[in-house]
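# Structural characterization, general
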Amino acid sequence: MRKKSIIIEPITQARSCVIWLHGLGARRDFSKLVPEFDLPINHSIRFIFPFAEINSLTINKSESIHSWYDIKSVCNTTMIREIDITSALYSCAYIHSIIDQQIKLGILPHNIILIGFSQGALIAGLSSLTTKHALAASMIISGYLPEWSLFARNIQIPHKHTNYICMHGMQDTIIPIKLGTIAKDMLIQHGYNVTWHTYETGHELCFDAIQKIRSILAEKLIDISTLQINSH
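Because the structure is a prediction, the values reported are computed rather than measured. Each chain has its residues counted from 1, running along the sequence as written. For this predicted model, a pLDDT threshold of at least 70 governs which residues receive local features, and a threshold of 80 or more governs which side-chain atom pairs are given and counted, while totals over whole chains, interfaces and linings are taken from all residues. The basis for every side-chain value is the complete set of non-hydrogen atoms in the structure, without hydrogens or water.

## A look at unusual backbone geometry
Note the following rule: Only protein chains enter the accessibility calculation, which uses a 1.4 Å probe; a residue is then buried when its area is under 20% of its type maximum, exposed when over 50%, and partly exposed in between. Numbering of helices and strands starts at the N terminus; helices are DSSP runs of H or I of at least 4 residues and strands are runs of E of at least 2.
Phi at D38 takes a positive value of approximately 50°, unusual for a residue other than glycine. Classification of D38 by relative accessible area gives exposed; the value is 54%. Within the chain, S118 stands out as a residue other than glycine whose phi angle is a positive 60°. Tracing the backbone shows S118 in the loop between β8 (112-117) and α2 (119-130). Assessed through its relative accessible area of 9%, S118 is described here as buried.

What follows is the structure in C-alpha cells.
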C-alpha cells in the first residue's frame, strides 16, 4: 500500500502544482525545503510529495525499501543501471494519476511542474515524456534516464514545449555526471527543450540548486499571474 503523499496547500486557491519525487529509500523529506524558497505569502502553488511503494530491490539482495523501480544491476565501470522498465512505467502511471487529479481540480497542465531527485528524477523525466498532457517543466536532479528504446513506444505525443531542466553535481559518485549528460543529450537529440546546470557538489541538492529551483518557481508564478490578469 502506498504511503500517503505529503501535501502543502497555499493559503490562496491553488492554480499551479509542483509534484516532487524522492530518491531511493525516501531518506530525505523534501517538503521541508518549501520555506527555503521564500515564496510570496499569497502564492498559489500546491506542493505534493508522493512516496514510492515499498518494494524489494534486486541490487540490495531483495531488501524491501521505498523505490520507484527495481534496479537489477549496476555496471562497476560505467555505473550504468539495468532497470526494470515495467516497474518504472508502473510508477509513472501513479504520477500520471496525480497529474490527472490535479487537472480535475482545475489546475492547467502547463501550470504543473515535476521535480525528481536521483531515482525520483528518472520517474519525473519519464512521467513527463509519457503523459498525455504538456506540462510546464520536468526537473531531473542528480538523475538519469533509461535507454530511449525501452520507453519510446509509451510516448503518446511529443511535448516539445515542456522544459526539461537537468541538474547534476560534478563530484557525484552515486550517479556520475556522465549519466546525467547522456540523459540530457538524449533529450536534445529527440528535439526536447533542455537546460543544463552543473554544480561543484556530490549526490545532493546544494544551496545553488535550491536557489535555481526557487527562481524557476518564481518565474512560473509571474507567468501564471500574467495569464490570470489577461483572462479577465
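## A short note on the pairing of strand β6 (residues 71-74)
Along any regular strand, the residues point their side chains to alternate faces of the sheet. So the rule is basically this: Each pair of strands is called paired provided DSSP finds at least two bridges between the two strands.
Here β6 pairs with strand β7 (residues 81-83) via three bridges, running antiparallel. The residue of β7 that forms the bridge with I71 is I83. In textbook terms, the turn of a hairpin is the stretch between consecutive antiparallel strands, and for β6 and β7 this stretch comprises six residues, one of which, M79, has a positive phi near 65°.

## Things to note about the environment of L205
Topologically, L205 is positioned in the loop between β11 (193-199) and α5 (207-230). Judged by its relative accessible area of 6%, L205 falls in the buried class. For L205 and F30, which are 175 residues apart along the polypeptide, the C-alpha to C-alpha distance reads 9.8 Å.

## Topic: the sheet that holds strand β1 (residues 6-8)
To be explicit about the condition: Angular values range over 0 to 180 degrees, each being the angle between N-to-C directions of two axes fitted as lines to C-alpha atoms, with helices fitted over their stretch in contact. Whether two residues are in contact is decided by their heavy atoms: any pair within 4.5 Å suffices.
Taken together, seven strands build an open sheet; the order of strands is β1-β3-β2-β8-β9-β10-β11 and the sheet is mixed. Two strands in the sheet have a free side with no partner beyond their single neighbour: β1 and β11. Going from strand to strand, the sheet's axes swing by 15° on average, the running direction of each strand aside. Looking at chain direction, β8 and strand β9 (residues 137-141) are connected through five bridges and run parallel. The partner of I115 across the bridge, within β9, is M139. Along the sheet face, α2 touches β2 (16-21), β8, β9 and β10 (163-169) and points at about 150° away from the line of β8.

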